[in-house]
Amino acid sequence: MSLLTRMTAPAARHDVARLVATLLAGPPQPDVRRKGFALPTGPTGLGTSAARITPPRDKAAGAAATVPDLHCPPALRDDPALAEEVNARLVAWAEEIGLYAGRLDRVRAADFGRLMMLAHPDTDEPDRLLAAGKCALAEWATDDYYCDDETMGSAPALLGAQLGVAYAAVDPAHPPLRHAPAVERAMQDDPVRVALRSGFAHLARYADASQLARLHHEVAVLFVGYGQEGSWRSQGRMPAVWEYLAHRQINSFLPCIAMTDAVGGYALPHAEYADPRVRRAVTMASTAATLVNDLYSMAKEHRSESVEFNLPTVIAAEERCSPREAVERSVAVHDELVRTFEAEAAALSLTGSPQLRRFLAGVWAWLGGNRAWHSGSPRYAAASPSAS
């Protein structure tokens, strides 16, 4: 489902959170002298939310307060000036390459620059955040243009072919010389492909070859998820809950989370990122982050005339329960995933490298920033899930 057309939370109060705080409170910290970095209001590190002062909610966050409380950390910083700068650069880039032509007001209002600022608190360099924002917006544009927005040209019959060509903008195709001009024309004649190519080229200023290869893989998996949802749409079929949850692991924020170390200015060794235990913890966190989007976008999608997918809707269809019960059960799924991530990240930090510890702390920060963006964005202030 489209993220473009989709802050605080209760502090962790259980023993696992205290364990995580003990084990993961020591990742390398940003230089507090740099412009724009906000000093935390207490100890920092994965699981230390209980010890920090929670900032007051703004009006937009209050308007979205009908989303139930989630087990999730608060954002580690809020720097509106930095968010505004990144967002302005992102909108200017979209205009330059022709992405969302005639619809840039939607991009500006979504405030993806604020999401990047909140989700990556270990850097205050606008260009690094812009690189991450370009990649994220290009991935979401792929969803809009190809998967589920008919006003932008999406069509189920074309989805597989379009995704296949789009991937060549991420991981370049190398055809025989005779066919290279045709491939190049294809890369230049579609704004989504231009955006994917441009975004990855920008990220390459900060990511090494291993980090880029990692992101290539995560985007390929994301495209599989887009294809899976496309098949449900073409059939008008509601998936089973288990099927939807498996889908949400691959059609998720994982490509964004995978950039955590590149944006932060360090490199997690490939062997640790690929470790099945790390993979399990990180994918559970990314699934939980995506379920936050499900909850905040549910009311907006409910008004759509097409078949829409979010966890409460799928649960309500399968378990024949009320919307209120479906939301509560969805929150329970989210909270289980986050608590499991806490426990397993704490265990991994005991034997992992300093880079792994920092990466896991960055994932925790991403969860808090993601929740803060959803709860504070004007996109969701007027359309929160119904409690009835």
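Draft legend 1. Geometry of the overall build of the protein. Summing up its helical and strand segments, the protein has 19 helices and 0 strands in all. When the accessible surface of the protein is split by element, carbon and sulfur atoms take 57% of a total near 15700 Å².

Draft legend 2. Representation of the pattern of salt bridges in the model. The tally for this structure, following the rule as stated, stands at 16 salt bridges. Measuring nitrogen to oxygen at the nearest pair gives 3.4 Å for the salt bridge that ties E125 to R128. Residue classification places E125 among the partly exposed positions, given a relative accessible area of 34%. Residues R197 and E184 are paired through a salt bridge, measuring 2.9 Å at the closest nitrogen-oxygen approach. Here E184 lies in helix α8 (residues 180-188) and R197 lies in helix α9 (residues 191-203), a separation of 13 residues in the sequence.

Draft legend 3. The arrangement of the nonpolar core in detail. Within the largest apolar cluster, 105 residues are counted, with the highest numbers of intra-cluster contacts made by L99, Y100, L137 and F341. When residues in this core are grouped by element, the largest group, 13 residues, is from helix α6 (residues 126-148). Not counting residues up to four positions away in its chain, the partners in contact with L99 are W93, A94, L104, L137, A141, Y145, P191, V192 and A195.

Draft legend 4. Summary view of the environment of P323. When you line up the elements, P323 lands in helix α17 (residues 323-351). On the accessibility criterion, P323 (42% relative accessible area) is partly exposed. Between the C-alpha atoms of P323 and P312, which are 11 residues apart in sequence, the distance is 7.0 Å.

Draft legend 5. Here's a closer look at the side chain of E139. Looking at where E139 falls in the secondary structure, it is placed in helix α6. If sequence neighbours within four positions are ignored, E139 has contacts with L196, F200, V219, L222, Y226, P255 and C256.

Draft legend 6. Molecular detail of the packing of helix α5 (residues 112-119) against α6. Relative to each other, α5 and α6 sit at 125°, their axes nearing to 9 Å. One way to sum up the angle between α5 and α6 is to call them oblique. With respect to the hand of their crossing, α5 and α6 are arranged in right-handed fashion. Across from F112, L115, M116 and M117 in α5, the residues of α6 making contact are L129, A132, G133, A136, L137 and W140.

Draft legend 7. Expanded view of the packing of aromatic side chains. This structure, assessed with the given rule, holds 11 aromatic pairs. Both rings, one in F223 and one in Y226, keep their centres 5.9 Å apart while their planes meet at 25°; by these two values the pair is stacked. On the criterion of helical spacing, the pair formed by F223 and Y226 is a turn pair, its members being 3 residues apart in helix α10 (residues 209-235). In this structure, F223 and Y226 share a single accessibility class: buried. When the ring of Y273 is compared with that of F359, the centres are 6.0 Å apart and the planes differ by 90°; the resulting orientation is edge-to-face. With Y273 in helix α14 (residues 270-274) and F359 in helix α18 (residues 354-376), this residue pair connects regions lying 86 residues apart in the sequence. Since its relative accessible area comes to 0%, F359 is described here as buried. In textbook terms, an aromatic cluster arises when at least three aromatic residues are bridged by ring pairs, as seen for F112, W140, F253, W366 and W373. Of note, R214 hangs over the ring of Y273, and the distance from its end group to the ring centre comes to 4.4 Å.

Draft legend 8. Focus on α9. The end-to-end C-alpha separation of α9 is 18 Å, in line with the 18 Å expected for 13 residues at 1.5 Å each. The complete set of buried residues in α9 reads V192, R193, A195, L196, G199, F200, H202 and L203. On the buried face of α9, the contacting elements are α3 (80-97), α6, α7 (159-170), α8 and α10. The N-cap residue of α9 is D190: its side-chain oxygen and the backbone nitrogen of V192 are 2.9 Å apart.

Draft legend 9. Quick look at unusual backbone geometry. For Y100, which is not glycine, the phi dihedral falls at a positive 55°. Looking at the secondary structure, you find Y100 in the loop between α3 and α4 (104-110). Non-glycine residue R320 carries a positive phi angle of around 50°. As for its placement among the helices and strands, R320 is situated in the loop between α16 (311-319) and α17.

Draft legend 10. Just the side chain of T260, in detail. The residue T260 is located in helix α13 (residues 260-264) in this model. Among the residues examined, T260 registers a relative accessible area of 2% and is labelled buried. Of the polar contacts made by the side chain of T260, one reaches the backbone oxygen of I257; its length is 2.6 Å. Every residue in contact with T260, bar those within four places of it in the chain, is listed here: H120, D122, Y266, F359, G362 and W366.

Cut-offs applied
Numbers given to residues run from 1 along each chain, matching the order in which its sequence is written. Only residues with pLDDT of at least 70 get local features here, since the model is predicted, and only at 80 or more are side-chain atom pairs given and counted; chain-wide, interface and lining totals rely on the full set of residues. Excluding hydrogens and water, the side-chain figures rest on all heavy atoms present in the structure. Secondary structure follows DSSP: runs of H or I at least 4 residues long count as helices, runs of E at least 2 residues long count as strands, and numbering of each begins at the N terminus. For the area figures, the Shrake-Rupley method with a 1.4 Å probe applies, and any residue is considered shielded solely by the protein chains shown. Salt bridge, as applied in this entry: a Lys or Arg side-chain nitrogen positioned within 4 Å of an Asp or Glu carboxyl oxygen. The classification of residues rests on relative accessible area computed with a 1.4 Å probe and restricted to protein chains. Under 20% of the type maximum is buried, over 50% is exposed, and intermediate values are partly exposed. Residue types Ala, Val, Leu, Ile, Met, Phe, Trp, Tyr and Cys, when buried and joined through side-chain atoms within 4.5 Å, form a set referred to as a nonpolar core. Two residues form a contact once any of their heavy atoms are found within 4.5 Å. A fitted line through C-alpha atoms represents every axis, and for helices the fit uses only the stretch in contact; the resulting angles, taken between N-to-C directions, go from 0 to 180 degrees. Throughout, the term roughly parallel applies to angles under 35 degrees, roughly antiparallel to angles over 145, roughly perpendicular to angles from 65 to 115, and oblique to all others. If you view the pair so one helix is near and one far, a crossing is left-handed when the near helix is turned anticlockwise from the far one by less than a right angle, and right-handed when it is turned clockwise. Each Phe, Tyr or Trp ring, with Trp reduced to its six-membered ring, pairs with another whose centre is within 6.5 Å; inter-plane angles below 30 degrees give stacked pairs, above 60 give edge-to-face pairs, and intermediate values give tilted ones. In this scheme, the term charge over a ring applies when either NZ of a lysine or CZ of an arginine sits within 6 Å of the ring centre and within 35 degrees of the ring normal. How far a helix is expected to stretch is found by multiplying one less than its residue total by 1.5 Å. Whenever two N or O atoms come within 3.5 Å, that pair is a polar contact, provided that in protein one can donate a hydrogen and the other can accept it, and provided that, for residues adjacent in sequence, both atoms are side-chain atoms.

Function cannot be read off these values alone, since they describe shape.
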